[in-house]
Amino acid sequence: MNVPIKLGTIHGVGLGPGAQDLLSVRADRLVRGTRHVAYFRKAGRPGQARRIAEGMLRDDVVEIAMEYPVTTEIPLADPRYNASLSAFYAECTERLSALALAGEDVVVLCEGDPFFYGSFMHLHSRLMDRVPVHVVPGITGMTGAWTATGMPITWGDDVLTVAMATLPEDELIRRIRDTDSLVVMKIGRNLPKLRRAVAAAGREKAAWLVEYAAMPEQRVIPLTEATEVTPYFSILLIHGQGRRP
């Protein structure tokens, strides 16, 4: 009699902002104990998620490097960008599904939190109706960033806005002007546009840039002193100044 194979589970595991001791107990257990470990990376790079997990993986680990076909080489508005990434995520889905259908668990390493602007979301939506998928939340990069400044990001009734620097400049100005506290991600080559938007909203002196939060390379500087930023691990912050006792 054939015994049906128990399906494996795809675990999207949040690694937090960059330090291993900021992983949850559950994340730590899965990363150290699961044989198949997948992660995203740019071609030719080790990948930040894999870098965070260095030294934690089993000796017999099977690594699955999922290399983006495109990052910043094609503008977001170019139809080729979505087409290329859609095909990429479909291919990754097939690879991971095959393992789960064969009864193998897979841990997908995710920077920050898997459900917060992360690539794993695109796998989750494709996998969830095919195989078991579990998500382990992690500390977000923005949490690590505002902690690095040594100042609370919100007080009392402050409204926090999270925006992407890829937004049009006039939209950035509006959102920066209309909020109490602010987080801006995906800065990179958008730094000049973001600086203009912050200045136009009249908040340049209150803005901070944090690079590599919770990592050895961590740097915190006022926006006014920044001339360039790391492409992937920089966050702009404006702290709220709301009600307090």
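Residues numbered from 1 in each chain as written. Predicted model: local features only at pLDDT ≥ 70, side-chain atom pairs only at ≥ 80, totals over all residues. Heavy atoms only, no water.

Now for the overall build of the protein. Helix and strand content of the protein: seven helices and ten strands. Relative to its length of 245 residues, the protein is compact, with a C-alpha radius of gyration of 20 Å against a globular reference of 18 Å. With the C-alpha coordinates aligned to their principal axes, the bounding extent of the protein is approximately 75 × 45 × 30 Å. Taking all 245 residues of the protein together, 47% fall into the buried category. Long-range contacts, defined as pairs at least 24 residues apart, comprise 70% of the intrachain contacts of the protein with a sequence gap of at least 6. Total accessible area on the protein stands at roughly 12700 Å², and carbon and sulfur atoms take up 53% of it. In the protein, which carries 28 positive and 28 negative side-chain charges, the distance between the mean positions of the two groups comes to 2 Å. (Helix = DSSP H or I, 4+ residues; strand = E, 2+ residues; numbered from the N terminus. Rg over C-alpha atoms; globule rule 2.2 N^0.38 Å. Buried < 20%, exposed > 50% of the residue type's maximum accessible area, 1.4 Å probe, protein only. Contact = heavy atoms within 4.5 Å. Areas by Shrake-Rupley, 256 points an atom, 1.4 Å probe, with all protein chains shown as cover. Lys, Arg positive; Asp, Glu negative; His and termini not counted. Charge placed at Lys NZ, Arg CZ, Asp CG, Glu CD.)

Our next topic: the packing of aromatic side chains. Within the structure shown, the criterion is met by seven aromatic pairs. Ring plane angle 75° and centroid distance 6.1 Å describe the contact between F40 and Y89, whose orientation is recorded as edge-to-face. Separated by 49 residues along the polypeptide, F40 in strand 2 (residues 36-42) and Y89 in helix 3 (residues 79-101) bring together distant segments of the chain. By relative accessible area, which is 8% here, F40 ends up buried. Site record: aromatic cluster; members linked through ring pairs are F40, Y68, F88 and Y89. Positioned above the aromatic ring of W155, the side-chain terminus of R244 is 3.6 Å from the ring centre. (Phe/Tyr/Trp six-rings, centres within 6.5 Å; stacked < 30°, edge-to-face > 60°. Lys NZ or Arg CZ within 6 Å of the ring centre and 35° of its normal.)

We now examine the pairing of strand 8 (residues 207-211). The element strand 8 is largely enclosed, with a buried count of four among its five residues. Sheet topology note: the strand 8/strand 10 (residues 234-238) ladder contains five bridges and is antiparallel. Bridged to W208 within strand 10 is L237. Note that strand 8 and strand 9 (residues 219-222) share four bridges and pair antiparallel. The residue bridging W208 from the neighbouring strand is P222, located in strand 9. (Pairing = 2+ DSSP bridges.)

A word on the nonpolar core. A general trend in soluble globular proteins is that nonpolar side chains are found buried together. Formed by 22 residues in total, the largest nonpolar core has its most connected members in I10, M66, L96, V108 and L123. No other element matches helix 3, which puts eight residues into this core. Setting aside chain neighbours within four positions, we find M66 in contact with A38, Y39, F40, R41, F88, C92, R95, L96, V108 and L123. (Core = buried A, V, L, I, M, F, W, Y, C linked by side-chain atoms within 4.5 Å.)

Packed helix pairs are characterised by how far apart their axes lie and by the angle those axes make with each other. The N-to-C vectors of helix 6 (residues 169-178) and helix 7 (residues 191-200) enclose an angle of 45°; their axes lie 8 Å apart at closest approach. The pairing of helix 6 with helix 7 is recorded here as oblique in orientation. Here helix 6 and helix 7 pass one another in a crossing that is right-handed. Contact residues: helix 6 offers E169, L172, I173, I176 and R177, while helix 7 offers K193, L194, R196, A197, V198 and A200. (Axes fitted to C-alpha atoms, helices over the stretch in contact; angles between N-to-C directions. Parallel < 35°, antiparallel > 145°, perpendicular 65-115°, else oblique. Left-handed = near helix turned anticlockwise from the far one by under 90°.)

Moving on, we come to the pairing of strand 7 (residues 181-185). Of all five residues making up strand 7, five are buried, and the element is well covered by its neighbours. Of the two faces of strand 7, both are covered, the one formed by S181, V183 and M185 as well as the one formed by L182 and V184. Sheet topology places strand 6 (residues 160-164) next to strand 7; five bridges connect them, and they run parallel. Residue pairing for strand 7: A163 is matched across the bridge by V184. After leaving strand 6, the chain enters helix 6 and then returns to the sheet as strand 7, a path that is right-handed. Where strand 7 lies against strand 10, three bridges are found, and the strand directions are antiparallel. By the bridge assignment, V184 is partnered in strand 10 with L236. (Right-handed = clockwise from strand over helix to strand, strands pointing away.)

Considering the arrangement of structural elements, one finds S119 in the loop between strand 4 (106-110) and helix 4 (120-127). A relative accessible area of 18% means that S119 is categorised as buried. At 2.5 Å, the side chain of S119 and the side chain of Y68 are in polar contact. Not counting the four nearest positions on each side in its chain, S119 is found in contact with F40, Y68 and Y89. (Polar contact = N/O pair within 3.5 Å; in protein donor to acceptor, adjacent residues only side chain to side chain.)

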